[in-house]
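Chain residues, written in single-letter form:
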Amino acid sequence: MMRQILIIKVIVVLFIFASPLLAQQNDFIKEYLERFENSNKYLIEVANAMPEEKYDFKATQESLSFAESLMHIGYAMDWHTQSLLGGRKSRDWNTDTRYNVGTKTKKEIIKVVDDTFQETIAYIKQFDTTQFNEKLDYFGLNRTKLQIFLLLADHITHHRGQILVYLRLNGVVPPRYVLYQ
């Protein structure tokens with residue numbers, strides 16, 4: 001009887017301490033999704049702002065074109081969530097047809113990026129937050145899954161910043177910045 005009471009007390013104590021932690025993790029996902037969905041909307045506005053005839057524009061010879069940058073953002077979202085976090089075999093950037101610009105139109109490129117955002121959002125919604133502290137190899141560095149979420153957001157922001165400059169270099173005024181992304 002004493003053993004059962006002790007077990008119940010241990011369970012109650014664990015629940016008291018675990019509940020706030022799980023709530024914080026779920027709050028993170030909720031807040032991350034709000035930010036991520038805003039990021040999607042803004043990136044699509046940026047993509048729509050560039051005239052289609054300028055989608056092959058490169059700031060320098062070594063740079064990705066505007067279209068390649070958009071597809072790179074999509075590819076990286078897919079890789080971070082579906083492959084790195086989700087365990088699916090990674091697409092090969094050099095041979096993949098989904099994220100290869102090829103002969104895709106502006107509309108087709110935007111659809112691929114938007115579809116990838118939607119797939120990423122669906123993945124994030126179902127993510128088991130108890131895995132946040134699990135570590136993965138991230139280009140030779142040990143990073144937690146929580147850090148991977150943050151790295152993904154940084155990566156999108158990094159490349160979106162580059163293509164915002166591409167708009168300016170082509171005389172296009174970028175869409176007004178969307179807060180909280």
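Up top is the structure these notes are about.
Residues numbered from 1 in each chain as written. Predicted model: local features only at pLDDT ≥ 70, side-chain atom pairs only at ≥ 80, totals over all residues. Heavy atoms only, no water.

### Topic: the overall build of the protein chain
Our working rule: Each helix is a run of H or I in the DSSP string that is no shorter than four residues. Each strand is a run of E no shorter than two, and both are numbered from the N terminus. Three labels apply to residues, based on accessible area from a 1.4 Å probe with only protein chains included: buried if under 20% of the type maximum, exposed if over 50%, partly exposed otherwise in between. Whether two residues are in contact is decided by their heavy atoms, any of which lying within 4.5 Å being enough.
When its secondary structure is counted, the protein chain shows four helices and two strands. When its helices and strands are written in sequence order, the protein chain yields α-α-α-β-β-α. Scored against the burial criterion, the 181 residues of the protein chain give a buried share of 41%. Sequence separation of 24 or more characterises 68% of the internal contacts of the protein chain that already satisfy a separation of 6 or more.

### Quick word on the pattern of salt bridges
Rules: What makes a salt bridge here is a side-chain nitrogen of Lys or Arg within 4 Å of a carboxyl oxygen of Asp or Glu, nothing more.
Enumeration over the complete set of coordinates arrives at six salt bridges. A salt bridge links R88 to D78; its shortest N-O distance comes to 2.5 Å. Of the two residues, R88 is situated in the loop between α2 (66-85) and α3 (106-126) and D78 in helix α2; the sequence distance between them amounts to 10 residues. With its nearest N and O atoms 3.3 Å apart, the salt bridge here joins R91 to D96. Judged by relative accessible area, which is 10%, D96 ranks as buried. One salt-bridge network, held together by shared partners, links D78, R88, R91 and D96.

### Concerning the pairing of strand β1 (residues 135-138)
This is how it is decided: Pairing between strands requires that DSSP locate at least two bridges from one strand to the other.
Side chains L136 and Y138 project from β1 onto a buried face, and the interleaved K135 and D137 project onto a face without burial. Both β1 and strand β2 (residues 141-144) contribute to a ladder of four bridges, which runs antiparallel. When the sheet's bridge partners are listed, L136 is paired in β2 with R143. Between β1 and β2, which pair antiparallel one after the other, the connecting turn spans two residues, and F139 there sits at a positive phi close to 55°.

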